[in-house]
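Reading the structure
Read off the chains here:
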Amino acid sequence: MGEADRLAIASGPFDGYRLMRNAGAAIVAELLARCAEAEGFDILCGPGNNGGDGYIVASLLAERGVAVRVWALAAPKKGTDAARAVAGCPVPVMPLHSFAPSRGTVVVDALFGAGLSKPLEGEALAAVERVRASNCPVVAVDLPSGISGDSGQMLGDALSANFTVTFFRLKPGHLLEPGRSRCGEVVVADIGIPENVLVELAPKTFRNAPLLWHRLLPRPAADTHKYRRGHVGVMSGGPSATGAARLSAMGAARAGAGAVTLLSPSSAVLVNAAHLTSIMLRRADSVDDLADFVKERRPAAFVLGPGAGVNHHTSTHALELLALKEGPALVLDADGITACAAAPDTLFAVAAGSAGLLLTPHEAEFARLFPDLHAGDHPSKLERARRAATRSHGVVVLKGPDTVIAAPDGRAAINANGTPLLATAGSGDVLAGLIAGLVAQGMPLFEAACAAVWIHAEAASRFGPGLMAEDLPGLVPGVMRDLLGDEAAGRPE
């Protein structure tokens, strides 16, 4: 954002102070629209530009005859835009250490913004504690104080806001937990930074939403047939662990794959046959059986891991699939990830020359495969996913309420429509199948993963309480239909 400000100021028409005035005006518009019944506003100002925004807010509220008090942590540096904002503020400035919240007032948190890099301490920490004890509504400027804009992590203690006003674009801390929960509703305000600065900034981090991948969603052509729509293979576990693979297979089919084959060990063929209709079934007891299937049927994508078992067979199958000439892209999930964690460098080396590797770990599985990238030393989930993608030569879907999808080229998307309804056994198996189904139809791995994660969460939200993993595949067509409109039926828009 600092660079965005610099580029905007260089190109005009606004200087830094006018951008600050625009930010203050945007905040005031939201305050007056949302907090009309407040008895007054307490503005907490830090020494930087975030505090400068706070002084502008106080000035504009006072001009409108609104009751407002200003509490300062420290004076801004002389010659800065924030110092200019203080000089123009008609409201008396009181020291933050004497701040006492008043019942009926709204607290505007302009202490620190997205650039905070160390825990709150001293007077700022004491003020946060008093705000929390008062139970007053809080409106955050840019980010609630105490939240890292880079990682979304709490730097010690932090405020929770009823809503947050930020500028130009979201920051990672608005989407990554616990920052996302601490921000409340986030309003992105236009303060006059031109869109063309993005060309020079060339951002590689995105909020995962349909605009990111909609144009690449598979559209069935009028003359298509089932194999042109892509073939997906899914490896089943043994007779007591077949359900997970069937969930993946159904997810791939509902994503639009024209054919899905479940490969089953002989011991589980009858179990799987009793549950399958449109999903094809094939016996596979060895690596040779797997290779024969790929050579004969040429699947474009393969799911390995759900219910597969943490054993040598699973890791061997993963390496064989990746090593096959003209083999499928591999979606490695669940047991597949854990089985390969014993020798991750071998997996990554083979993946470098493969048709594509896509990993779908939750935090515990991620820690097994990338033990040096644990959250203690790398608090940013975004950073950890990016490093893992670079190392593995694959796309990494680091799951959770704030799922991060990262590609080896540095692109990353943070999912924003996650729901706790997906915290149910088997939902991840369906997701793996959805990804494979989209990849099989020609979507690039990164975009397919982003689309599948969003569709998966949207389907769960549409169902509501009581969701089971078995419900998810049947909800996908409705989401896809809404995304594609008439194109979903093979008709042009």
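To be clear, the structure that these remarks concern was listed above.
Notes on the structure follow. (Residues numbered from 1 in each chain as written. Predicted model: local features only at pLDDT ≥ 70, side-chain atom pairs only at ≥ 80, totals over all residues. Heavy atoms only, no water.)

1. Concerning the overall build of the protein chain
Within the protein chain one finds 20 helices and 17 strands. Residues counted as buried form 53% of the 493 residues belonging to the protein chain. In the protein chain, of all internal contacts separated by at least 6 residues, the share reaching a separation of at least 24 is 71%. Surface exposure of the protein chain reaches about 20400 Å², of which carbon and sulfur atoms provide 53%. Across the protein chain, the centroid of the 43 positively charged side chains sits 3 Å from that of the 49 negatively charged ones. (Helix = DSSP H or I, 4+ residues; strand = E, 2+ residues; numbered from the N terminus. Buried < 20%, exposed > 50% of the residue type's maximum accessible area, 1.4 Å probe, protein only. Contact = heavy atoms within 4.5 Å. Areas by Shrake-Rupley, 256 points an atom, 1.4 Å probe, with all protein chains shown as cover. Lys, Arg positive; Asp, Glu negative; His and termini not counted. Charge placed at Lys NZ, Arg CZ, Asp CG, Glu CD.)

2. Considering the sheet that holds strand β1 (residues 40–45)
Taken in spatial order, the seven strands of this open sheet run β3-β2-β1-β4-β5-β6-β7, and their pairing is parallel. Of all strands in the sheet, those with a lone pairing partner are β3 (93–95) and β7 (185–189), marking the two edges. Recorded for the sheet is a direction-independent mean angle of 25° between the axes of neighbouring strands. Taken together, the three bridges between strand β4 (residues 105–110) and strand β5 (residues 138–141) define a ladder with parallel strand orientation. Bridge assignment links V108 to a residue of β5, and that residue is V139. Here helix α2 (residues 16–34) sits on the sheet and contacts β1, β4, β5, β6 (163–167) and β7; the angle it forms with β6, its principal contact strand, is near 155°. (Pairing = 2+ DSSP bridges. Axes fitted to C-alpha atoms, helices over the stretch in contact; angles between N-to-C directions.)

3. A look at the pattern of salt bridges
As enumerated under the stated definition, the model contains 21 salt bridges in all. When the shortest N-O distance is used, the salt bridge between D142 and K171 registers 3.6 Å. Of this pair, D142 sits in the loop between β5 and β6 while K171 sits in the loop between β6 and α6 (172–175), and the two are 29 residues apart along the sequence. Overall, the relative accessible area of 9% leaves K171 in the buried class. The salt bridge involving R462 is made with D482; its shortest N-O contact spans 2.8 Å. Within this pair, whereas R462 is found in helix α19 (residues 445–463), its partner D482 is found in helix α20 (residues 472–484), the two being separated by 20 residues in sequence. Residue class for D482 comes out exposed when judged on its relative accessible area of 52%. (Salt bridge = Lys/Arg side-chain N within 4 Å of Asp/Glu carboxyl O.)

4. Quick look at the environment of P473
Looking at the secondary structure, you find P473 in helix α20. Looking at P473, the relative accessible area reads 3%, which means it is buried. Once the C-alpha coordinates of P473 and S248 are considered, the two residues, 225 residues apart in sequence, prove to be 9.0 Å apart. If sequence neighbours within four positions are ignored, P473 has contacts with M250, G251, R254 and V430.

5. Regarding the nonpolar core
Ranked by size, the top nonpolar core spans 56 residues in total, and within it W213, V232, I405 and I455 carry the most contacts. With 13 residues, α19 is the largest single contributor of residues to this core. Sequence-distant contacts of V232, that is, excluding residues within four places in its chain, are made with A252, A257, A259, V260, T261, P299, A301, A436, G437 and A440. In this structure, L31, V57, V68 and V108 belong to the second largest nonpolar core, which totals 40 residues. (Core = buried A, V, L, I, M, F, W, Y, C linked by side-chain atoms within 4.5 Å.)

6. Comments concerning the packing of aromatic side chains
Applying the stated criterion across every chain yields a total of five aromatic pairs. Seen in terms of ring centroids, F348 and F370 are 5.4 Å apart; in terms of plane orientation they differ by 10°. Their pairing is stacked. Here F348 is found in helix α15 (residues 344–351), whereas its partner F370 is found in the loop between α16 (363–369) and α17 (381–392), with 22 residues between them in sequence. Each member of the pair, F348 as well as F370, carries the same accessibility label: buried. For F370, a relative accessible area of 1% corresponds to the buried category. Ring-pair connections join several aromatic residues into one group, and the members of that group are F348, F366 and F370. Stacked on the ring of F163, the Lys or Arg R34 has its end atom at 4.7 Å from the ring centre. Just above the ring of F168 sits the side chain of R169; from NZ or CZ to the centre is 4.7 Å. (Phe/Tyr/Trp six-rings, centres within 6.5 Å; stacked < 30°, edge-to-face > 60°. Lys NZ or Arg CZ within 6 Å of the ring centre and 35° of its normal.)

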